[in-house]
Structures are given as C-alpha cells and as structure tokens.
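# Structural overview for review
Here are the chains, one letter per residue:
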Amino acid sequence: MRSRITWTMLALGVVLIVIGLMHFSLTALPEPGPLETRIANLAKHFVIRLASRQGIPPRPVDTNANVETGGTHYGLDCGICHGVDGRAQTSPGRWMYPRATDLSSKRVQSYSDQELFWIIKNGIRFTGMPAFGKIETPDHIWGLVNYVRTLPNTK
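### Considering the packing of helix 2 (residues 34–51) against helix 6 (residues 113–122)
Close contact between helix 2 and helix 6 brings their axes to 9 Å; oriented N to C, the two are set at 100 degrees. Considering their axes alone, helix 2 and helix 6 lie roughly perpendicular with respect to each other. Facing helix 2, whose interface residues are Ile48, Arg49 and Ala51, helix 6 presents Glu115, Trp118 and Ile119. Partitioned by chemical class, the residues of the contact of helix 2 with helix 6 number 4 nonpolar, no polar and 2 charged.

### Details of helix 6
Considered for burial, the residues of helix 6 that qualify are Glu115, Leu116, Phe117, Trp118, Ile119 and Ile120. Structurally, helix 6 contributes buried residues whose contacts are with helix 2, helix 5 (106–109) and helix 7 (138–150). Of the residues flanking the end of helix 6, it is glycine 123, one or two places downstream, whose phi is positive at about 70 degrees.

### Observations concerning the nonpolar core
Core analysis: the largest hydrophobic core is formed by 20 residues, its most contacted members being Ile48, Tyr74, Leu103, Leu116, Ile119, Ile120 and Val145. Counting residues per element, the ones that place at least two in this core are helix 3 (63–82), helix 6 and helix 7. Per-element accounting of this core gives the leading share, 6 residues, to helix 7. When sequence neighbours within four positions are dropped, the list of residues in contact with valine 145 reads Asp113, Leu116, Phe117 and Ile120.

### Some points on the confidence of the model for the protein
In the predicted model, the protein carries a mean pLDDT of 88, and 95% of its residues have values of at least 70. Across the protein, helix 6 holds the top mean pLDDT of 97, while helix 1 (residues 2–23) sits lowest at 83.

### Digging into the pattern of salt bridges
Counted according to the given criterion, the structure contains 4 salt bridges. Here aspartate 113 and arginine 59 are joined by a salt bridge, their closest N and O atoms 2.3 Å apart. Separated by 54 residues along the polypeptide, aspartate 113 in helix 6 and arginine 59 in the loop between helix 2 and helix 3 bring together distant segments of the chain. Residue aspartate 113 is classed as partly exposed on the basis of its relative accessible area, which comes to 22%. Ionic pairing is found between aspartate 113 and arginine 149, a salt bridge with its closest N-O pair at 2.7 Å. Of this pair, aspartate 113 sits in helix 6 while arginine 149 is found in helix 7, placing the two residues 36 residues apart along the sequence. Salt bridges here are not isolated pairs; linked through shared partners, they connect Arg59, Asp113 and Arg149.

About the cut-offs
- Residues numbered from 1 in each chain as written.
- Predicted model: local features only at pLDDT ≥ 70, side-chain atom pairs only at ≥ 80, totals over all residues.
- Heavy atoms only, no water.
- Axes fitted to C-alpha atoms, helices over the stretch in contact; angles between N-to-C directions.
- Helix = DSSP H or I, 4+ residues; strand = E, 2+ residues; numbered from the N terminus.
- Parallel < 35°, antiparallel > 145°, perpendicular 65-115°, else oblique.
- Contact = heavy atoms within 4.5 Å.
- Nonpolar A, V, L, I, M, F, W, Y, C, P; charged D, E, K, R; others polar.
- Buried < 20%, exposed > 50% of the residue type's maximum accessible area, 1.4 Å probe, protein only.
- Core = buried A, V, L, I, M, F, W, Y, C linked by side-chain atoms within 4.5 Å.
- pLDDT = per-residue confidence, 0-100.
- Salt bridge = Lys/Arg side-chain N within 4 Å of Asp/Glu carboxyl O.

The structure is reproduced here in structure tokens:
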C-alpha cells in the first residue's frame, strides 16, 4: 500500500513539473514580474555587499584626474550598453535581460563605492555586466566608480 502511494505521489510530482515546464519560458523579451525583480535584486545586493567587504584596493588620491580618466574608460567600456549619459537608452542595453541598469538611478547610486568597484571589477554572472578586472587596472576601475558618481540623478 505504501509503495503505491509513493509511486502515485512521484507520478503526480512529475506531471506537475512537466506542466510547469510547458509554461516556463527563457525568453528575454518581456519584463520580469515584480516578485522576480524584487527577489533577484535583494539576492544581488546581499551577495555584492558580502563580497565587497574585502580585497578592494585603496582609492587614488587625485580624484579629479581620476574622474576624467573614468569618463574616457566609461565611453570605451560602458557606454555601449549604459548609454552616454548612463541611462541605458541604447539598443543593446534595452534588449538585454536583465536590462542594462540606469547608472544615474537611486538604486545604483545607493551602492557603496566599494560595492561599485567590486561590480565593475568582477561583473555579475547571468547578466550582461562583464568583469573588467583582467583588462582594467584598479586605478581605472576607481575612475569608473568616481565617474558613475558624477552622473545626474533622474529618478
């Protein structure tokens, strides 16, 4: 009797999984729902906050020159997805999933400088955000962080 119940429950579980997978889509065209977005953002912030607590080199002393250098590197490395003004209004940025982030938004500007450094250096897996740690020096990454801080807040 117990064996029959176990097999019935297993079969029911398989049927439910198959039905769920029939409605599951990996398409990146529609916007995710609010629950998916909220959970993904909470998990991302938590992991970045923990990861950025160690191994971040000190910021360069000359911040003004560093912002200029950051602007140059931003144009070369970041503008293709995030746009010239950081608002992600480019074709590649709008059609990624998740969408390229508006760098002038309160959500991005709420990250600490160390967290932004970590994101730029390491990238974010399963998003379009690449890691620049192997192609940019720490000073250049700090320049990008400082440049992102100069973007005007629009939201």
